[in-house]
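Remarks on the overall topology
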Amino acid sequence: MSNTLTLYYNPISMPSRAVLTLLTLGNVPHTAKVVDLQKQENLTPEYTAINPCQGVPALDDDGFKLFESHAILRYIVNKYQLHDFYPKDPQEIAKVECYLDWHHTGTKLVSKFVFDHIIGPKMMGRPAPPDFEAKEKEMESILQFIEYVFLGQGKFKYVQNQPKMTIADLALIFEIQMLFGFNYSFDKFPGLKNYVQHMSQVPQIKQANQAFFGMIKNAPLNDFIKGLIQ
Amino acid sequence: MSIQLYFNPLSQPARAVHAILVIGKIPHDLHNIDFMKQEQNTPEYKKISPSGNVPSIVDGDIALFESHTILKYLAKKFKLEKLYPSDIVEQARLDQYLDWHHTGTRNITLVARDFVFYPKFLGKPAPENKDERFKELEWYLTTFEEIFLGNGKHKHILGFEEPTIADLSAICELVTLFMLNIDLAPHPHLHQYMKHMLSIPEVNQVHQPAFGFTQKFAENLRQEYVDLMK
C-alpha cells in the first residue's frame, strides 16, 4: 500500500484520536500532522482550504479532502478493506451506523459537559454555565442509555454486540474517557465501567491517549482511573 | 414484505424517511406516533425505538432508529443508487454532510423548539439568550450555504447532479425555518435551494401536514414562506 493519506489532527481531540487509532490498528500507511488549536492553526487560510469547517480531524488522500471523523473512519475502512472494524451484513452495518449517528446528539453531550463545566473553568478561565446539576443529570442519562441500549445492559463486549471492536467503539471510547478528567466514579454504571476498562487497555488506544493522559496525570484521580492511565 | 415506518408528520427526520419511501416506490405502512398522547413512551414502542424518538422502522426481524442510518439502509437495500451512490468516495463526501447535520442544520429545530414550540404549546418559558441563539443560527445557515451549497454554485448539496439523502435530510430541517419566520434575504442561495427541493413532488407531498400546521399557527408569515408552500 502506498502512503497517500495525510491526517490533520490534534492529540487532545477525541475524534482525532479515533481516526489515528484506526490507522494504527489497520496498519495503514499515513502521515500525521498536528494542528495546533491553541495557536489557532485551524483558522489559517491554508488549513481552511483543507477543512472549510476548520475542525479536526481532516483527511487529505492524494488531493481528495474529507472532514467529519465518522465519514473519515468509514472511508478508511472501505478503501483499505478493514473488515475487522466494520461489519459486512447490511443489518449489522445499520446497527453500527445507528450508534455513529446517535453519537452526535448523545455521547457528545458527555464530553460537552466535561468541557463546559470542568475544562473550560479550570484550564481556560471560562465561566462555568449555571446549570451544573441539570447538566450532570443529563450527562448521566446518556451514560445510562449507552450502557442499556448500546452495551446491552453490560452484556455486550463491544457496541451493538459486534463480535470485534468496530469504528463505533473507537468513536465512543475517547469521548467517555474525557470523564477521567472529571475524576468520575463509574460505579453507577458497572457495564460501562467494564467496557471502559477493557477498551482503555487496548495498546493502540493507550498510545493515542498519551497527550491526554499527560494533561490529567497530576490531578486527583481515583484508583480505577489511575490504573488505566499508567 | 412492507417496511413499517413509525413517524409523525411534524418530525423533520421522519419526513425525510417518508420521502425516500415514496421516491423509491418502496412498499411501506405508516404508523403515526402521537406525541400529545405520549405514544412514544409506551413499552411497545420503546422495544422498537429505545429512545422513544421518531422515525424508526421495522423491516422483518430488524428494528432501526436514527434517520440517517435508516436512509442509508433503505437506499442500499433498494438500490437507490442516485440517492446514495455505492462509490466509496461519493459516499464519504455525502457522509460529511450527513454527519455535520446533527450539530449543524439540526440547530434550526432546536431554536424553534426552545423559542416557539415549547413556549407556545407547552407554556415553557423561552431561554434568555435569544439574540445569541439566533446569531448562532445565522452562522449555521451561512455555513450551510458556503460549504454545502458552494455559495450558490451547487443545485444539490456538495454539487451532486441529482438529489441525495443529504438533500432529503436537509430540506426537512430547513422547512422549520418557516415557524421561525427568519428573513431569507441574507440567504439567497438557501432560498433558491428550498424552492428547488420543495418543487420535487414527493418532497412537497410529505410536507403537506407540516404546511397545514404552519399556516394554522405561524404568525405574520413572510411572503417568501407563503410562496414556498404553494
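This text goes with the structure placed above it.
We now turn to the structure provided with this report.

Rules and cut-offs
- Residues numbered from 1 in each chain as written.
- Chains lettered and ligands numbered in written order.
- Predicted model: local features only at pLDDT ≥ 70, side-chain atom pairs only at ≥ 80, totals over all residues.
- Heavy atoms only, no water.
- Pairing = 2+ DSSP bridges.
- Helix = DSSP H or I, 4+ residues; strand = E, 2+ residues; numbered from the N terminus.
- Axes fitted to C-alpha atoms, helices over the stretch in contact; angles between N-to-C directions.
- Buried < 20%, exposed > 50% of the residue type's maximum accessible area, 1.4 Å probe, protein only.
- Contact = heavy atoms within 4.5 Å.
- Buried area = accessible area lost by both parts, 1.4 Å probe.
- Salt bridge = Lys/Arg side-chain N within 4 Å of Asp/Glu carboxyl O.
- Polar contact = N/O pair within 3.5 Å; in protein donor to acceptor, adjacent residues only side chain to side chain.
- Phe/Tyr/Trp six-rings, centres within 6.5 Å; stacked < 30°, edge-to-face > 60°.
- Lys NZ or Arg CZ within 6 Å of the ring centre and 35° of its normal.
- Core = buried A, V, L, I, M, F, W, Y, C linked by side-chain atoms within 4.5 Å.
- Parallel < 35°, antiparallel > 145°, perpendicular 65-115°, else oblique.
- Nonpolar A, V, L, I, M, F, W, Y, C, P; charged D, E, K, R; others polar.
- Patch = residues over 30% accessible without salt bridge, like charges linked within 9 Å, V, L, I, M, F, W, Y side chains within 5 Å.
- Areas by Shrake-Rupley, 256 points an atom, 1.4 Å probe, with all protein chains shown as cover.

Our next topic: the sheet that holds strand β1 (residues 5-9) of chain A. Residues and elements named next belong to chain A. Taken together, four strands build an open sheet; the order of strands is β2-β1-β3-β4 and the sheet is mixed. Looking at the sheet topology across the chains shown, the edges are occupied by β2 (30-34) and β4 (64-67). Adjacent strand axes in the sheet meet at a mean angle of 20° when their direction is disregarded.

Across the ten residues of helix α7 (residues 165-174) of chain B, ten count as buried, placing the element largely inside the fold. Listed as buried for α7 of chain B are Ile165, Ala166, Asp167, Leu168, Ser169, Ala170, Ile171, Cys172, Glu173 and Leu174 of chain B.

Listed per partner, the contact involves 27 residues of chain A and 25 residues of chain B. Between chain A and chain B, a total of about 2,200 Å² is buried, with carbon and sulfur atoms accounting for 68% of that surface. The largest contributions to the chain A side of the interface with chain B come from Gln91, Asp101 and His104 of chain A, which together make up 22% of the buried area. The salt bridge partner of Asp99 of chain B is Arg74 of chain A, with a shortest N-O separation of 3.6 Å. Linking chain A with chain B are six residue pairs in polar contact (both at pLDDT 80 or more). Among the elements of the structure, β4, α3 (69-79), α4 (90-105) and α6 (132-150) of chain A are those that each provide at least two residues to the side of chain A that touches chain B. Here the side of chain A that touches chain B takes eleven residues from α4 of chain A, the largest share from any one element.

For the rest of this paragraph, the subject is the environment of Val22 of chain B. Residues and elements named next belong to chain B. Within the secondary structure layout, Val22 lies in helix α1 (residues 12-23). Along the chain, Val22 and Pro201 lie 179 residues apart, while their C-alpha atoms are 9.9 Å from each other. With residues near it in sequence (within four places) discarded, Val22 still touches His28, Glu202, Gln205 and Val206.

What follows covers the environment of Glu81 of chain B. Residue and element names in this part refer to chain B. For Glu81, the location among the structural elements is in the loop between α3 (67-77) and α4 (88-101). Placed 55 residues apart in sequence, Glu81 and Glu136 show a C-alpha to C-alpha distance of 35 Å. Those residues in contact with Glu81 that sit more than four places away from it in its chain are Ser86 and Asp87. For Glu81, the side chain forms a polar contact with the main-chain nitrogen of Ser86, separated by 2.9 Å.

All names here are of chain A. Counted under the stated rule, the structure contains 35 aromatic pairs over all chains. Each ring, one from Phe182 and one from Tyr184, has its centre 6.1 Å from the other, and the planes form 15°; the classification is stacked. Accessibility assignment for this pair places Phe182 and Tyr184 in one class, buried. Aromatic rings pair up to connect Phe113, Phe132, Phe180, Phe182, Tyr184, Phe186, Phe212, Phe213 and Phe224 into one cluster. For Lys193, the ring lying beneath its charged end belongs to Phe224, and the centroid distance is 4.9 Å.

Here we come to the pattern of salt bridges. Inspection of every chain in the model, using the stated rule, returns 21 salt bridges over all chains. Here Lys72 of chain B and Glu97 of chain A are joined by a salt bridge, their closest N and O atoms 3.6 Å apart. Of the two residues, Lys72 of chain B is situated in helix α3 and Glu97 of chain A in helix α4; the pairing between them involves two chains. We note a salt bridge from Lys112 of chain A to Asp116 of chain A, for which the minimum N-O separation is 2.9 Å. Note that Lys112 of chain A and Asp116 of chain A are positioned in helix α5 (residues 108-124) at a spacing of four residues, about one turn of the helix. Among the residues examined, Lys112 of chain A registers a relative accessible area of 45% and is labelled partly exposed. Asp116 of chain A gets classed as partly exposed once you look at its relative accessible area, which sits at 29%. Through salt bridges with shared partners, a single network forms among Arg74 and Glu97 of chain A together with Lys72, Asp95 and Asp99 of chain B.

This part takes up the nonpolar core. Counting 79 residues, the largest nonpolar core has Leu74, Phe144 and Ile157 of chain B as its most contacted members. In contact with Ile157 of chain B, not counting residues within four places along its chain, are Tyr97, Phe144, Phe148, Leu149, Ala166, Asp167, Ala170 and Tyr193 of chain B. Ala18, Leu25, Leu73 and Leu179 of chain A belong to the second-largest nonpolar core, a separate cluster that totals 77 residues.

Let us now look at the packing of α4 of chain B against helix α6 (residues 130-148) of chain B. Residue and element names in this part refer to chain B. The contact between α4 and α6 brings their axes to 13 Å, and the two run at 175°. On the basis of the axis angle, α4 is roughly antiparallel to α6. Contacts from Gln96, Tyr97 and Trp100 in α4 reach Tyr140, Thr143, Phe144 and Phe148 in α6. In terms of residue class, the contact of α4 with α6 is made up of five nonpolar, two polar and no charged.

Residues and elements named next belong to chain A. Here Ser13 shows up in the loop between β1 and α1 (14-25). A distance of 2.7 Å separates the side chain of Ser13 from the side chain of Ser16, its partner in a polar contact. Those residues in contact with Ser13, other than ones at most four positions away along the chain, are Val56 and Pro57.

On to the sheet that holds strand β1 (residues 3-7) of chain B. All names here are of chain B. The sheet built from four strands is open, its strands ordered β2-β1-β3-β4 with mixed pairing. Since the sheet does not close on itself, it has two edges, and those belong to β2 (28-32) and β4 (62-65), each with one partner. Taking the axes of each pair of neighbouring strands and ignoring which way they run, one obtains an average angle of 20° across the sheet. Packed onto the sheet, α1 meets β1, β2 and β3 (56-59) and runs at close to 150° relative to β1.

Let us look at a nonpolar patch on the surface. A surface patch of nonpolar side chains, amounting to about 300 Å² of accessible area, comprises Met123, Met124 and Met215 of chain A. If you trace the backbone, Met215 of chain A turns up in helix α10 (residues 210-216).

This paragraph deals with the pairing of β4 of chain B. Residues and elements named next belong to chain B. In the sheet, β3 pairs with β4 via four bridges, with the strands oriented antiparallel. Directly across from Asp59, in β4, lies its bridge partner Ile62. Connecting β3 to the next strand, β4, in antiparallel fashion are two residues, including Gly60 with a positive phi near 65°.

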